Amino acid sequence: MNVQRTFNRRTLLTGTVALGTVGLLAACGGSKDDKLSGKAASSAEEVVKNLQINKQDYSSLKKGGELKLSVSALGPDFNTMTQSGYTTENLAAFGGPCNIPAVVGFYNTDPAGERSINKDFCLEHKMETKDGVQTVEFKINPKAVFNDGTPIDVEAVKAYWEIYKGGGDSGYNIIPNPSWEQMESIEAVDGDKFHVKITLSTPYYLSDDLGTFATHPALVDKKLFNDGFVDKPMDQYWAGPFKVSNWNSSEKVITLAPNDKWWGEKKPLLEKIIWRQMGIDSLRAAFKNGELDAAGFTDAATYSAVKGQNGTEIRSGQNTGVQNLQFNATRVTDLAVRRAAFAAVDRSQLADVTFKQVGWEEPMPGSMLAMPFQKGYEDNVPKDSGADAAKKILEEAGYTKSGDFYQKDGKTAGFSITTFGSDTVTQAKFQRIEQQLKQAGIKVTNDNQPESNFNSVVGTKSYDCTLSGWAVGANMADSPQYFYTKDINNGVGDDEIDKLVAKISATESKDEQIKLANQVEKLHMEKVAIYLPFANGPSYSAVKSKLANYGPRLFQTSYTDANLWVNVGWQE
């Protein structure tokens, strides 16, 4: 299987949607030899129009039943606000269903990326800029409470601010969130703790949901925040339609049940959601044996294993995300090596390895910020590529050839690439990269880790370079702050780029924001070289046919729409 490891910096950090969400393929399946095939959509409208979710009215579905699903890694940090806990798998399995204030926030996102207030949490929300001062006011639903009974009010919003306002140097293990760093004050209006007013030090024009997140006040304790949720899904600090009824640490199984503290207009249909951690081989067998009700995949081998099961169907989609080669620039510190590696990699070969077996066709992505079908998309990858271009970069930086590889000051130009599990497609991609970089005089080794180590290794940045995947959001101008600043990359970056990123959020024109975002990405790929995109790709799910309101949803996910899991259920 081609395992697409995915993270995101999205709603938790004001608006980028998670990878792993999908929309319909332009064409898929049904060929005479019963092989997968497909082509990337050419427009968002085309994708949204043909969503494959078995859409059914909530009232027509039966109440009860359980849903058995899997992810490749669960935990070990169950605080989805930390760097190590903030993974696609954790957000999907329990973040969205169980912790709406901190994960989804008070706005929902539909498949097209349009935003709307979630009245279960927020009754009204408005933003205003007057005489250069931006303010935000919103009213929280007074029924909203955390599971231990603590009200979700101005103190919960202040707690979220306390955690994020100091950025990466705050002592909290967070991914920095610039919008919250620009907040100057948060207060109750006229003593009403459910009426919140936020004043910003400088205007922030990127977010339509500014300020509408909260967390339990107890989490301002740094020890609890950073370490307290390791192997402990302490859902007394959360709020949502589901709660954690059991966590089996040894078997890596988390079970969700309807939350009796949930005040929302709709109650969950399902009486139980069971998430199991399992690798691809186990997933194939579990679906065939009826131990899973849905199984996501992107490869021909899994398709062959899961197709044709009685009472099942294949729901097909396109990832709204990007696969990339990603450096940890605090470990591969020489910019010349990173730039030379980017030049040496033939991305078309990686795409060929990734998609050949599934017959998928798409344009080569040139951005971490937007899908090719989105408004404002540009190909921002440097055009000077190939082994000769890579050698020139190294030689201009003072490297000289010694045998097969370049050296400088007694150190060989090279690094390790961390891969996870025994997935043959991932290993084939590593082999292609190894061969390509060797032709350019760069030595690469394979740091192969167990699949279950993914969250901990990448969450703590314990790698030189890895094959990763990230979200592509509905608003591309929102994303540069989460990819291309020094703060987000542990101090590695460029002051000029940081100034341009700051200019984006201070710019009111949406078109100008997009122009600046593309400018930032071009400069970062040339001057810093951390993220190299090479694929968007398809996504498929083998699903029990009677499972309703489940499947590909483009920008609407379990952690961007608080109502998603409430509406999932079984047809009679």
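The numbering scheme is per chain: residues are counted from 1 as the chain's sequence reads. Local features in a predicted model are, by the rule used here, given only for residues with pLDDT of at least 70; side-chain atom pairs are given and counted only at 80 or more, and totals for whole chains, interfaces and linings are based on all residues. Only hydrogens and water are removed before side-chain values are computed, so all heavy atoms of the structure are retained for them.

This part is about the overall build of the chain. Each helix is a run of H or I in the DSSP string that is no shorter than four residues. Each strand is a run of E no shorter than two, and both are numbered from the N terminus. Helix and strand counts for the chain stand at 16 helices and 27 strands. Computed over C-alpha atoms, the radius of gyration of the chain comes to 23 Å, within 12% of the 25 Å expected from 2.2 N^0.38 for 572 residues, which places it in the range of a compact globule. Burial classes: relative accessible area under 20% of the type maximum marks a residue as buried, over 50% as exposed, and values in between as partly exposed (1.4 Å probe, protein chains only). Within the chain, buried positions represent 60% of all 572 residues. By definition in these notes, contact holds between two residues if any of their heavy atoms fall within 4.5 Å. When contacts within the chain are restricted to residue pairs at least 6 apart in sequence, long-range pairs at least 24 apart make up 73% of them. Every accessible area reported is derived by Shrake-Rupley at a probe size of 1.4 Å, with residue values counting cover from the shown protein chains alone. Counting only carbon and sulfur atoms, one obtains 45% of the accessible surface of the chain, whose full area is about 21400 Å². A distance of 3 Å separates the average location of the 62 positive side-chain charges in the chain from that of its 71 negative side-chain charges. When we talk radius of gyration, it's over C-alpha atoms, and the globule rule is simply 2.2 Å times the number of residues to the 0.38. His residues and chain termini do not enter the charge count, which takes Lys and Arg as positive and Asp and Glu as negative. Every charge is mapped onto a representative atom, which is NZ of Lys, CZ of Arg, CG of Asp or CD of Glu.

Now for the sheet that holds strand β19 (residues 405-408). Taken in spatial order, the three strands make up an open sheet running β18-β19-β20, and their pairing is antiparallel. Two strands bound the open sheet, and with one partner strand each, they are β18 (400-402) and β20 (411-412). Looking at chain direction, β19 and β20 are connected through two bridges and run antiparallel. Residue pairing for β20: Lys408 is matched across the bridge by Lys411. Should DSSP find at least two bridges between two strands, the strands are taken to pair.

Bringing the packing of aromatic side chains into the picture now. What counts as a ring pair is set by centres within 6.5 Å for rings of Phe, Tyr and Trp (its six-membered ring), and what kind of pair is set by the plane angle: stacked under 30 degrees, edge-to-face over 60, tilted for all other angles. As enumerated under the stated definition, the model contains 25 aromatic pairs in all. Ring centres of Phe121 and Trp262 lie 6.0 Å apart, and the angle between their planes is 45°; this geometry places the pair in the tilted category. A residue pair is termed long-range when its members are at least 10 positions apart, and Phe121 in the loop between β6 (115-117) and β7 (122-130) and Trp262 in the loop between β12 (253-258) and β13 (272-277) qualify at 141 residues. Residue classification places Trp262 among the buried residues on the basis of a relative accessible area of 6%. The structure contains a cluster of three or more aromatic residues connected by ring pairs, namely Phe78, Phe94, Phe229, Tyr237, Trp238 and Trp247. Above the ring of Trp161, the side-chain terminus of Lys165 is found at 4.5 Å from the ring centroid. Whether a charge sits over a ring depends on NZ of Lys or CZ of Arg being within 6 Å of the ring centre and within 35 degrees of the ring normal. Residue placement shows Lys222 over the ring face of Tyr172; its charged tip is 5.3 Å from the ring centre.

The next point concerns the UniProt feature "domain: Solute-binding protein family" (unreviewed entry) in the chain. Residues given the UniProt feature "domain: Solute-binding protein family" (unreviewed entry) here are residues 128-485. Summarising residues 128-485: 25% helix, 27% strand, and an end-to-end C-alpha distance of 27 Å. UniProt positions are given in the numbering used here, feature names are shortened, and annotations may be inferred rather than shown by experiment.

To qualify as a nonpolar core, a set must consist of buried Ala, Val, Leu, Ile, Met, Phe, Trp, Tyr and Cys residues joined through side-chain atoms within 4.5 Å. Counting 161 residues, the largest nonpolar core has Ile152, Phe415 and Trp565 as its most contacted members. In contact with Ile152, not counting residues within four places along its chain, are Pro101, Phe106, Phe121, Ile140, Ala144, Val145, Phe146, Phe194, Ala214, Ala239 and Trp263. The next biggest cluster of nonpolar side chains, apart from the first, holds five residues, and it includes Phe420, Phe454, Val457 and Val458.

Another aspect to go through is the pattern of salt bridges. What makes a salt bridge here is a side-chain nitrogen of Lys or Arg within 4 Å of a carboxyl oxygen of Asp or Glu, nothing more. Applying the stated criterion across every chain, the model contains 14 salt bridges. A salt bridge links Arg284 to Asp281; its shortest N-O distance comes to 3.2 Å. One end of the pair is Arg284 and the other is Asp281, both in helix α7 (residues 280-288) and three residues apart, which spans about a single turn. Asp379 is the salt-bridge partner of Lys383, the closest N and O atoms lying 3.7 Å from each other. A residue is classified by how much of its surface remains accessible, and Asp379, at 32% relative accessible area, is partly exposed. One continuous salt-bridge network, built from bridges that share partners, spans Arg115, Asp208 and Asp209.

In this section: the environment of Ala413. Assignment of secondary structure puts Ala413 in the loop between β20 and β21 (414-420). Separated by 79 residues in the primary sequence, Ala413 and Asp334 place their C-alpha atoms 9.0 Å from one another. With residues near it in sequence (within four places) discarded, Ala413 still touches Val337, Tyr399, Tyr406, Gly441, Ile442 and Lys443.

With that out of the way, let us pick up the side chain of Asp120. Among the secondary structure elements, Asp120 is positioned in the loop between β6 and β7. Of the side chains with opposite charge, Lys143 comes closest to the buried, unpaired Asp120, at an N-O distance of 7.9 Å.

So, about the sheet that holds strand β10 (residues 192-200). Taken in spatial order, the four strands make up an open sheet running β7-β8-β10-β9, and their pairing is antiparallel. Each having just a single partner strand, β7 and β9 (183-189) make up the two edges of the open sheet. Averaged over all pairs of adjacent strands, the angle between their axes in this sheet comes to 15°, without regard to strand direction. Where β7 lies against strand β8 (residues 133-140), eight bridges are found, and the strand directions are antiparallel. When the sheet's bridge partners are listed, Met127 is paired in β8 with Val136. Here an angle of 0 to 180 degrees is reported between the N-to-C directions of two axes, which are lines fitted to C-alpha atoms, with helices fitted over the stretch in contact. Along the sheet, helix α4 (residues 154-164) makes contact with β8, β9 and β10, crossing β9 at roughly 170°.

Interfaces are often sized by the amount of accessible area the parts lose when they come together. Residue ranges for the domains originate in an automatic or database domain assignment. Partitioning the chain into structural domains gives domain 1 (38-99 + 224-319 + 539-570), domain 2 (102-222) and domain 3 (321-535). Placing the centre of domain 1 and that of domain 3 at their C-alpha centroids yields a distance of 29 Å. In this assembly, 29 residues from domain 1 lie in contact with 20 residues from domain 3. Together domain 1 and domain 3 conceal approximately 1900 Å² of surface at their shared face, both sides included; 59% is due to carbon and sulfur atoms. Across the contact surface, domain 1 and domain 3 share zero salt bridges. Identification of polar contacts relies on pairs of N or O atoms within 3.5 Å, with a donor-acceptor requirement for protein atoms, meaning one able to donate a hydrogen and the other able to accept it, and with residues adjacent in sequence counted only if both atoms are side-chain atoms. Applying the counting criterion to the domain 1 and domain 3 interface returns one residue pair in polar contact (both at pLDDT 80 or more). Secondary-structure elements contributing two or more residues to the side of domain 1 that touches domain 3 are β3 (38-39), α1 (44-49), α2 (88-98) and β15 (312-319). For the side of domain 1 that touches domain 3, the class distribution of residues is 12 nonpolar, 14 polar and three charged. Buried area adds together the accessible area that both of two parts lose upon being put together, with accessible area traced by a 1.4 Å probe. Amino acids outside the nonpolar list (Ala, Val, Leu, Ile, Met, Phe, Trp, Tyr, Cys, Pro) and the charged list (Asp, Glu, Lys, Arg) are all regarded as polar, and Gly is one of them.

Another aspect to go through is α7. By the burial criterion, the buried members of α7 are Ile280, Leu283, Arg284, Ala286 and Phe287. Of the residues flanking the end of α7, it is Gly290, one or two places downstream, whose phi is positive at about 80°.

With that settled, consider unusual backbone geometry. The omega angle of the peptide bond from Gly75 to Pro76 is -5°, so this bond is cis rather than trans. Mapped onto the fold, Pro76 is located in the loop between β4 (66-71) and α2. Even without being a glycine, Asn490 presents a positive backbone phi close to 55°. The topology assignment puts Asn490 in the loop between β23 (465-471) and α14 (495-505). Residue Asn490 is classed as partly exposed on the basis of its relative accessible area of 45%.

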